[in-house]
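# Observations on the three-dimensional arrangement
Here is how the chains run, residue by residue.
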Amino acid sequence: MATPNRAALINRTLRILKKYYKPVPAPKDRTLFDHLIFACLVENSPFEAAEQVFATLRSDYFDWNEVRVSTVRELAEVTKPLVDSSAAANRLKQTLHAVFEAVYQFDLEALKKKNIGEAAKQLQKLNGSTPFTVSYVTQMALGGHAIPTNHGLLVGMQVVGAISDSEAKAGAVPGLERAIPKNKGAEYGSLLHQFGVEIGRSPYGPTARKLLLEIDPNCKSRLPKRHVPAPPPPPAPPAKAVDAKAKAGATPGVKGRDAKQLKGEKAEGASAPVGKKGQRDRAVDKKKPATKRPEPTKRPTKPGTKTPTSKKKQTSHKITKRKPR
């Protein structure tokens, strides 16, 4: 949705910010590559903290290649003074890798010989670059007119109604360069940056709330709200009380008559020892009445025949005398 009073809101914002913040002078004697590295550090953090981390990187490391081969966890320890140290360390490492793979050295002065539009496009292609870093380098090193906008500034401009939701997602504030003269770009850009850092690190704080309400008194309903977690679900109703006797005699999975029958079977087999296979079954079988096997039927014998009797084998042989030849 287009905002008809966008330029008026931007000018009003700048007038109010002048009362609370002081402009930060642009750093001198820095190369284009130095401005790019500093932009990775200062995107969502105060200028003082970014200057401290930048000086630490140059003094504690041998060169930028040593910084490039360091892990993100190691760089996050160095960037602790920043608002989001992990994100800054990740941007720094990705940018160093991209520059080294593009030109095989940490020098980007050749971009100054190209026109601003072409140089900005090459900066956008670098892995790890953001709209903030491209605008910062364009303003500080290429001599172009671009106002860097960090995440907190986009939130503030959206709350006061200067930009729409879709423009905030795109990461741009249309009309910002037209409302600010080019010779005042670095000065007003530092004021807007400080404003965005305050909202980014403490969006629910009293300072951010005071600034936003002073810029637009009707933005109270659009102020950032804390996320309230959903209440936990109500506890389950207690289970019905069960009779102690019924609970003691109950067997899981068996009800009614089957439970009584199972209880009787347990009592019958309680006297049988347990531990050997089939021992319980033999104990139960002893209580059953023994059944006699039917005697084998004798075959009838014919009259005059003797019943066969078992003969014992002779243990010795009969000795016979042989006749002499």
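Residues numbered from 1 in each chain as written. Predicted model: local features only at pLDDT ≥ 70, side-chain atom pairs only at ≥ 80, totals over all residues. Heavy atoms only, no water.

## A look at the packing of aromatic side chains
Test applied: Pairing of aromatic rings covers Phe, Tyr and the six-membered ring of Trp, with a centre-to-centre limit of 6.5 Å; geometry is then stacked below 30 degrees between planes, edge-to-face above 60, and tilted otherwise. Counting from the N terminus, the helices are DSSP H or I runs at least four residues long and the strands are E runs at least two residues long. Only protein chains enter the accessibility calculation, which uses a 1.4 Å probe. A residue is then buried if its area is under 20% of the maximum for its type, exposed if over 50%, and partly exposed in between. Criterion for a charge above a ring: Arg CZ or Lys NZ at most 6 Å from the ring centre, at most 35 degrees from the ring normal.
Considering all chains together, one arrives at eight aromatic pairs under this definition. Look at Phe38 and Tyr136: their rings are 6.0 Å apart centre to centre, the planes differ by 40°, and that puts the pair in the tilted class. Here Phe38 is found in helix H2 (residues 32–42), whereas its partner Tyr136 is found in helix H8 (residues 131–140), with 98 residues between them in sequence. A relative accessible area of 1% places Phe38 in the buried class. By relative accessible area, Tyr136 is classed as buried at 3%. For the pair Phe100 and Tyr104, a centre-to-centre distance of 6.3 Å together with 75° between the ring planes defines the contact as edge-to-face. The class of Phe100 is partly exposed, set by a relative accessible area of 25%. Taken together through their ring pairs, the aromatic side chains of Phe33, Phe38, Phe54, Trp64, Phe100, Tyr104, Phe106, Phe132 and Tyr136 make up a single cluster. The residue whose ring lies beneath Arg30 is Phe54, and the NZ or CZ to ring-centre distance is 4.7 Å. Taking NZ or CZ as reference, Arg68 lies 4.3 Å from the ring centre of Phe100, over its face.

## Considering the pattern of salt bridges
Counted only if it meets this: Whenever a carboxyl oxygen of Asp or Glu lies within 4 Å of a side-chain nitrogen of Lys or Arg, that contact is scored as a salt bridge.
All chains considered together, the criterion is met by ten salt bridges. For the salt bridge of Glu43 with Arg91, the shortest nitrogen-to-oxygen distance reads 3.5 Å. With Glu43 in the loop between H2 and helix H3 (47–60) and Arg91 in helix H6 (residues 85–103), this residue pair connects regions lying 48 residues apart in the sequence. Here the two residues Glu43 and Arg91 agree in accessibility, since each one is buried. Among the ionic pairs, Arg201 bridges to Glu198, the shortest N-O distance being 3.5 Å. One end of the pair is Arg201 and the other is Glu198, both in helix H12 (residues 185–201) and three residues apart, which spans about a single turn.

## Things to note about the nonpolar core
As a reminder of what qualifies: In this description, a nonpolar core means a group of buried Ala, Val, Leu, Ile, Met, Phe, Trp, Tyr and Cys residues linked to one another through side-chain atoms lying within 4.5 Å. Two residues form a contact once any of their heavy atoms are found within 4.5 Å.
With 38 residues, the main nonpolar core has Leu41, Leu57, Trp64, Val67 and Leu92 as its most contacted residues. Secondary structure elements with two or more residues in this core: H2, H3, helix H4 (64–68), helix H5 (72–78), H6, helix H7 (116–125) and H8. The element best represented in this core is H2, accounting for eight residues. In this structure Leu41 touches Ala50, Val53, Phe54, Leu57, Thr79, Leu82 and Leu92, once residues within four positions along its chain are discounted. Counting 29 residues, the second-largest nonpolar core is a separate cluster that includes Leu9, Leu154, Met157 and Ile199.

## As for the packing of helix H1 (residues 6–20) against helix H13 (residues 206–215)
Describing two packed helices takes the angle between their axes plus the distance from one axis to the other. Using the following cut-off: Angles run from 0 to 180 degrees between N-to-C directions of axes, and those axes are lines fitted to C-alpha atoms, restricted for helices to the stretch in contact. Under this scheme an angle from 65 to 115 degrees is roughly perpendicular, one under 35 degrees roughly parallel, and one over 145 degrees roughly antiparallel; angles in between are oblique. Left-handed describes a crossing whose near helix is turned anticlockwise from the far helix by less than a right angle; the clockwise case is right-handed. Any residue that is not Ala, Val, Leu, Ile, Met, Phe, Trp, Tyr, Cys, Pro, Asp, Glu, Lys or Arg is counted as polar, Gly included; the first ten are nonpolar and the last four charged.
Relative to each other, H1 and H13 sit at 140°, their axes nearing to 10 Å. One way to sum up the angle between H1 and H13 is to call them oblique. The interaxial crossing formed by H1 with H13 has right-handed handedness. Two secondary-structure elements touch here, H1 through Arg12, Thr13, Ile16, Lys19 and Tyr20 and H13 through Lys210, Leu211, Glu214 and Ile215. Of the residues belonging to the contact of H1 with H13, the class tally is four nonpolar, one polar and four charged.

## Here we look at H13
Going by this rule: The arc in question is formed by the directions pointing from the helix axis toward the C-beta atoms.
Within the span of H13, buried status applies to Ala208, Leu211, Leu212 and Ile215. End-on, the buried residues of H13 take up no more than an arc of 95°, which puts them together on one face. Those residues of H13 that are exposed and aimed more than 90 degrees away from the buried face are Pro206 and Lys210. Of the surrounding elements, those touching the buried residues of H13 are H1, helix H9 (151–159) and H12.

So far we have only geometry, and geometry alone does not tell us how the molecule works.
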